[in-house]
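Descriptive structure summary
Okay, here's what each chain looks like letter by letter:
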Amino acid sequence: MFDSTHRIFGLDLMRAIAITLVLFGHCVWIFPLTDGIFHQLMVLSGFLGVEVFFVLSGFLIGKIIYQLYIKKDFRLHSVFYFLKRRWFRTLPNYFLILTVNIAIGYAFHYDLSYVWKYYFFIQNAVTPMTPFFTESWSLSVEEYAYIVLPFTLLALGSVAKPRNKARFFLYSVILLIIVFFLNKIYYQSTTTNVNLNQWNMSLKAVVLYRLDSIFIGVLCSWLYYNFTALWQKCRYLFFVIGIFLFLFQFVAIGYFKLFIETHPVFWNVLYLPLVSVMVACFLPFLSEWKSEASGIRKPIVWISVLSYSIYLLHYGVILHVMKNYIRYDASNPLELYPFLITYIALTLLLSYLLYRFYEKPLMDLRDKS
C-alpha cells in the first residue's frame, strides 16, 4: 500500500519522529499533572515535534519550488500549479477534520461564533488563536508559507528581472527570513510577556512571527541543490552540531537558568530560530539516508505516511472526545494505562482509515490530473 520506491528513509524517519513527539506531547493531558521531569519531557516533545515538521516541510516545498523556479518560466501559472498540488495534499483532510471538530463543538455546547476564521487560516495569523482545534495553529503557518514564498519570488522577479535565478532564489529566501526575524524583534519591543504561557500563545503560535522556521528549511533546499558535495561531505559534522545545539536548547538553558522571566530577548528573538537551525543541522545526514533494509523500515514509513492524518485526529477529535466520555483515575495505573493504550490504538486505526479511504484517493486523483 505504501510505495517506498521514491521515498527517502531518513526523511520518513524525521517525519515519524516528529509525529511521535507530538503524540507523546499531548499525552500530558492523560497523565497526572506534576512538576516532574517526565511531565516536562512531554511538554517539550510536543513543541519539538512541530518545529521538526516546520523545517522538514520547508525543505520539501523548497525543493519543489526551486525546481519550478529554475527549470521553467516561473509565472503565475507556475505558482497555481504548485498551490494546486499542495492544497490537494493539505486542504481536504483539514476541512474534513475541521468540520468534525465543529460537530464536536456543537455537541459540547461550545461558542463557535469564531470558527469561520479557521476556513481561511486567519485564526492565528496576527493574534493568538481561540481555544478551538488548537493544533491547527501550525497548519496556518504552513499554508501561509506556501503562499508567501512563491508570490514573493514572482513579485521580486517581476521587478528585478534576475539573470542568475539560483542566486536570486537564495536572496529572496534570506530576505523572507530576515523579515520574519525582524517581526520577533518588533514583538520583543512591544510586549510585556513574562511567562511561557503567554509566549506560547502570542509568539510561538502566531503566523506573523513563525514563517522564518519554514524558510530556514527552504534555505536548506537551496544548499542541497547548490552545494551538493559539501552537503554530503559534511553531513556528519552538521549532525554533531545539531546534537550540541539540542543539548544547549533543552539542557543548558535550564542549567544556566536562561528563563523567559530573566532573559526575554533570548526567548522572544533568538530561541525559535535557534531551534529551527538545530533541526536543519540534521537534514544533511537524514536526507542522505536514502534507504533502509532492516525491519524498522516498514513501521517508520507507515507512521510517516499516516503522520498528517494522525496530527489532525489525535488531539482535538480523539483525545478530546475520550476525555469527555471516558472517566478514569489518572493516579491508578490499572485505569491510566488501558486509557492510554486505547487512545494510541484508536489514533492509529482512525488515522489509517482516514488515509486509506480519503487522503490517498484524493492524492491519486491529484497525480492523475
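Placed above this text is the structure.
Small disclaimer: the values here were computed from a predicted structure and weren't measured.

**Re the packing of helix α4 (residues 137-160) against helix α7 (residues 211-226)**
It is at 9 Å that the axes of α4 and α7 come closest, and there the two elements cross at 60°. When the interaxial angle is binned, α4 and α7 end up oblique. The two elements α4 and α7 meet at a crossing, and its hand is right-handed. Residue-level contacts link V141, E142, Y144, A145, V148 and L149 of α4 to L211, I214, F215 and V218 of α7. Classifying every residue of the contact of α4 with α7 by side-chain character gives nine nonpolar, no polar and one charged.

**Remarks on the layout of surface pockets**
The computed volume of the second largest pocket comes to approximately 1400 Å³. Here the lining of the second largest pocket gets nine residues from one element, more than from any other, and that element is helix α2 (residues 37-71). Classifying every residue of the lining of the second largest pocket gives 20 nonpolar, six polar and 15 charged.

**Remarks on helix α13 (residues 333-368)**
Turn by turn, an α-helix covers 3.6 residues, leaving residues three or four places apart pointing in a common direction. For α13, built from 36 residues, the straight-helix expectation of 52 Å at 1.5 Å per residue is met to within 8% by its first-to-last C-alpha distance of 50 Å. Of all the residues in α13, the buried ones are L336, F339, L340, Y343, T347, S351, L354, Y355, E359, M363 and R366. Tucked inside the fold, the buried residues of α13 contact α1 (9-26), α3 (76-107) and α12 (297-325). Its side-chain oxygen placed 3.0 Å from the backbone nitrogen of L334, N332 serves as the N-cap of α13.

**Here we look at the side chain of S309**
For S309, the location among the structural elements is in helix α12. Among the polar contacts listed, one links the side chain of S309 to the side chain of E359, at a separation of 2.8 Å. Residues contacting S309, with those up to four places away along its chain left out, are N93, S351, L354, Y355 and E359.

**Examining the nonpolar core**
Counting residues in hydrophobic clusters, the biggest one holds 117 residues, and the most contacted among them are I30, Y94, F132, F169, F215, Y271 and L283. Of the residues forming this core, the biggest block, 15 residues, is contributed by α2. With sequence-adjacent residues up to four places away left out, F132 is seen in contact with L98, N101, I102, L112, Y114, V115 and Y118.

**Description of the environment of W289**
Mapping W289 onto the fold places it in the loop between α11 (283-287) and α12. When near neighbours in sequence (up to four residues on either side) are disregarded, W289 contacts I8, F9, G10 and L13. For W289, the side chain forms a polar contact with the side chain of E292, separated by 3.2 Å.

**What to know about the pattern of salt bridges**
Oppositely charged side chains can form a pair if their charged atoms are brought close together. Taken as a whole and judged by the stated rule, the model has nine salt bridges. Residue D12 is joined to R7 by a salt bridge in which the shortest nitrogen-to-oxygen separation is 2.6 Å. When its relative accessible area of 2% is taken as the criterion, D12 is described as buried. Since its relative accessible area comes to 29%, R7 is described here as partly exposed. Here E51 ties to R210 by a salt bridge, and the two come within 2.6 Å at their closest N and O atoms. Taken as a pair, E51 in helix α2 and R210 in the loop between α6 (196-204) and α7 lie far apart in primary sequence, 159 residues in all. Neither residue differs from the other here; E51 and R210 are each classed as buried.

Reading guide: rules and limits
Residues numbered from 1 in each chain as written. Predicted model: local features only at pLDDT ≥ 70, side-chain atom pairs only at ≥ 80, totals over all residues. Heavy atoms only, no water. Axes fitted to C-alpha atoms, helices over the stretch in contact; angles between N-to-C directions. Helix = DSSP H or I, 4+ residues; strand = E, 2+ residues; numbered from the N terminus. Parallel < 35°, antiparallel > 145°, perpendicular 65-115°, else oblique. Left-handed = near helix turned anticlockwise from the far one by under 90°. Contact = heavy atoms within 4.5 Å. Nonpolar A, V, L, I, M, F, W, Y, C, P; charged D, E, K, R; others polar. 1 Å grid on protein atoms, 1.4 Å probe; cavity = no way out; pocket = protein on both sides within 12 Å on 5 of 7 lines; lining within 4 Å. Points joined across faces, edges and corners; volume = space filled by probe spheres on them. Expected span 1.5 Å × (residues − 1). Buried < 20%, exposed > 50% of the residue type's maximum accessible area, 1.4 Å probe, protein only. Polar contact = N/O pair within 3.5 Å; in protein donor to acceptor, adjacent residues only side chain to side chain. Core = buried A, V, L, I, M, F, W, Y, C linked by side-chain atoms within 4.5 Å. Salt bridge = Lys/Arg side-chain N within 4 Å of Asp/Glu carboxyl O.

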